[in-house]
Amino acid sequence: MAKKQKIKLHSVKGMHDTLPSEQFIWDKLRKEIKNTAEAYSFSRIDTPILENLSLFERGIGEETDIVEKQMFVLPSSGGERMVLRPEGTSAIARAYIQHGLSRVSQPLKVYQEGPFFRHENPQAGRYRQFHQAGFEIIGGENDPIYDVQIIMVVMRLLRNLKLKNLSIHINSIGCKTCRTIYKKKLLKYYKNRKKQICNDCNKRMLKNPLRLLDCKDDKCQEIKKGAPSVIDDLCSFCSKHLRDVLEYVEELKIPYQIDPSIVRGLDYYNGTVFEVFSEVKSPEGEIVLSPALGGGGRYNYLFNALGKGGTYAVGAALGLERIIETMKATGVNVPIIKKKSVFLITIGAEAKKKGIVLLEDLIKTGVNIKESMGKNSLSAQLRAADKKGATWALILGQKEVFKESIILRNLKTGSQETIFLKNVLAKIKKKL
Ligand SMILES: [Zn+2]
Ligand SMILES: [Zn+2]
């Protein structure tokens, strides 16, 4: 018989628990996502965690890092293989086509928020299970106004979260026509410098040349700086689209810079691409750019790949773990609002019996009541009340049960009175 393996009491690599003490910051974030999305007329959409593998092969592209090596693929027993969703946009596009959402008023503005999965090497701000909020505008015209509306909702959300020194890095990666010309130019430039660039970049030359521009390897930085810029090769249509987007951004006084190194790694993007950064203080006290808090762009080609060409779309996704880390790093504190509460204390078996019914009655009517009824002594329960920060205590002992009464004590001043049980609710409501 196989030897029993020792159980590993550790969450899976790159995946994390969110403990009760962390929930308040997540609650705040999720609430802000919902409020901001609704203010800009985005409706919520939810898609399943599992999708068919082919959706991402077609949508994101087979030669991308995500599809090549970062997906969690489930073993299949016949039929198509399924994956844990590595991103949200493809699934929303799938839902748009599947449910005929082109028939409702266009463009469709939707948002989603939830967990995504990529098999990457975990590092600061990068996890194998991570959370994103995504905003998409699908259908309607190929109008730069929608690119800007996506930028607006993303910036508003980050500003509402009190993140400061935000800036958008914008680029255009052109359409199939101008991008093809540019790619040739870029490859020619890199071919002459093959020996000076990193191994990954040598691979990128064959598979995904645009990604040469977002290489983070020190070796490649100088060469990158001298590379031809896609902006110079944009066709008149793409160049006007970018100009229009920038004009709107300027009108809105959103800080931005044109950054030719923003290429986003996925096949489905065309035209506008952007990423959002925040300036943060490093541990050494220097001002540096945060890792990208999110990014997005126009992805008309996704619908071509999924068989519904001619559908225009633009969107963005924000990394929630990164936002939370930046909120903490920049000292954005999230105050915990402590509501006044009352603490129920019971002493003895009879009091416990009566107390559990009283607890249920008070919760039912919306009273903020806490308890620690598993503890028996008065002093232990008073300590628990103190830990919970309760303002008032209701103390029910043998004598009180007998007299159908209860003691109401002010835990801050120590003063107390005895009241009839039937008057508890009215009295408490007045106090809280
Ligand atoms: Zn073009
Ligand atoms: Zn490189």
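Just so you know, these numbers come straight off a predicted model, no measurement behind them. Per-chain numbering applies: the sequence of each chain, read as written, is numbered from 1 onward. Chain letters start at A and ligand numbers start at 1, both assigned in the order the entries are written. Only residues with pLDDT of 70 or above have their local features reported here, since the model is predicted, and side-chain atom pairs are shown and tallied only from 80 upward, although totals for entire chains, interfaces and linings are computed over all residues. To obtain the side-chain values, all non-hydrogen atoms of the structure were included, while hydrogens and water were left out.

Considering the sheet that holds strand 16 (residues 416-420)
Item 1. Strand pairing requires that DSSP identify at least two bridges connecting the strands. The helix count covers DSSP runs of H or I at least four residues long, the strand count covers runs of E at least two residues long, and both are numbered beginning at the N terminus. In spatial order, the strands read 13-12-14-15-16; together these five strands make up an open sheet with mixed pairing. On the outer flanks of this sheet lie strand 13 (369-371) and strand 16, each paired with one strand and no other. Sheet twist, expressed as the mean angle between neighbouring strand axes with direction ignored, is 30 degrees.
Item 2. Pairing between strand 12 (residues 342-346) and strand 13: three bridges, direction parallel. Structural elements are reduced to axes, namely lines fitted to C-alpha atoms, with helices fitted over the stretch in contact, and the angle between N-to-C directions of any two is expressed from 0 to 180 degrees.

Thoughts on the coordination of the zinc ion (ligand 2)
Item 1. Each metal site is built from N, O and S donor atoms within 2.8 Å (3.2 Å for Na, K and Ca), and since water is not included, such sites may look incomplete. For the zinc ion (ligand 2), the full set of protein donor atoms is Cys-198 (SG), Cys-201 (SG), Cys-215 (SG) and Cys-220 (SG), at a range of 2.2 to 2.3 Å.
Item 2. Angular criteria define each label, namely tetrahedral for four donors with all angles between 85 and 135 degrees, square planar for four and octahedral for six donors with opposite donors over 155 degrees apart and remaining angles between 65 and 115, and irregular for whatever fails these tests. Viewed at the metal, the four donor atoms of the zinc ion (ligand 2) are separated by angles of 104 to 115 degrees, and the geometry they form is tetrahedral.
Item 3. Each donor residue of the zinc ion (ligand 2) lies on one chain, and together they are spaced C-x2-C-x13-C-x4-C. Of this pair, Cys-198 sits in the loop between helix 6 (176-191) and helix 7 (199-207) while Cys-215 sits in the loop between helix 7 and helix 8 (218-226); the two residues are 17 residues apart in sequence, bridging distant segments of the chain.
Item 4. According to the relative accessible area criterion, Cys-198 is buried, its value standing at 6%.
Item 5. Residue exposure (1.4 Å probe, protein chains only): buried if accessible area is under 20% of the type maximum, exposed if over 50%, otherwise partly exposed. By relative accessible area, Cys-215 is classed as buried at 3%.

Section: helix 7
Item 1. Every buried residue of helix 7 is listed here: Cys-201, Arg-204 and Met-205. What you see down the axis of helix 7 is that its buried residues fit within an arc of 105 degrees, all on one side. Seen from the buried face of helix 7, the exposed residues on the opposite side, beyond 90 degrees, are Asn-199, Lys-203 and Leu-206.
Item 2. Contact partners of the buried residues in helix 7: helix 6 and helix 8. Regarding the arc, it is the one traced by the directions from the helix axis to the C-beta atoms. Whether two residues are in contact is decided by their heavy atoms, any of which lying within 4.5 Å being enough.

Describing the environment of Val-276
Item 1. Relative to the helices and strands, Val-276 is located in strand 8 (residues 272-281).
Item 2. You can call Val-276 buried: its relative accessible area is 0%.
Item 3. Between the alpha carbons of Val-276 and Ile-168 there is a distance of 4.6 Å; along the sequence they are 108 residues apart.

Topic: the domain arrangement of the protein chain
Item 1. What counts as a domain boundary in this text is fixed by an automatic or database domain assignment. Domain annotation for the protein chain reports domain 1 (20-175 + 235-329) and domain 2 (342-431).
Item 2. On a C-alpha basis, the centres of domain 1 and domain 2 stand 50 Å from each other.

Describing the nonpolar core
Item 1. The definition of a nonpolar core used throughout is a set of buried Ala, Val, Leu, Ile, Met, Phe, Trp, Tyr and Cys residues joined through side-chain atoms within 4.5 Å. Of all hydrophobic cores here, the largest spans 92 residues; its most connected members are Phe-135, Ile-151, Leu-158, Tyr-190 and Ile-323.
Item 2. Tallying contributions element by element places helix 5 (residues 144-160) first for this core, with nine residues.
Item 3. With 19 residues, the next largest nonpolar core counts Val-367, Val-401, Leu-421 and Ile-428 among its residues.

Quick notes on a nonpolar patch on the surface
Item 1. The grouping of Ile-49, Leu-50 and Met-82 at the surface amounts to a nonpolar patch, some 210 Å² of accessible area in total.
Item 2. Tracing the sequence through the fold places Ile-49 in the loop between strand 1 (43-44) and strand 2 (50-52).
Item 3. With relative accessibility at 33%, the residue Ile-49 sits in the partly exposed group. Only residues above 30% relative accessible area that lack a salt bridge enter a patch, with like-charged residues linked at up to 9 Å and the nonpolar side chains Val, Leu, Ile, Met, Phe, Trp and Tyr linked at up to 5 Å. All accessible areas in this document rest on Shrake-Rupley with a 1.4 Å probe, and a residue is counted as covered only by the protein chains that are shown. We count a salt bridge whenever a side-chain nitrogen from Lys or Arg sits within 4 Å of a carboxyl oxygen from Asp or Glu.

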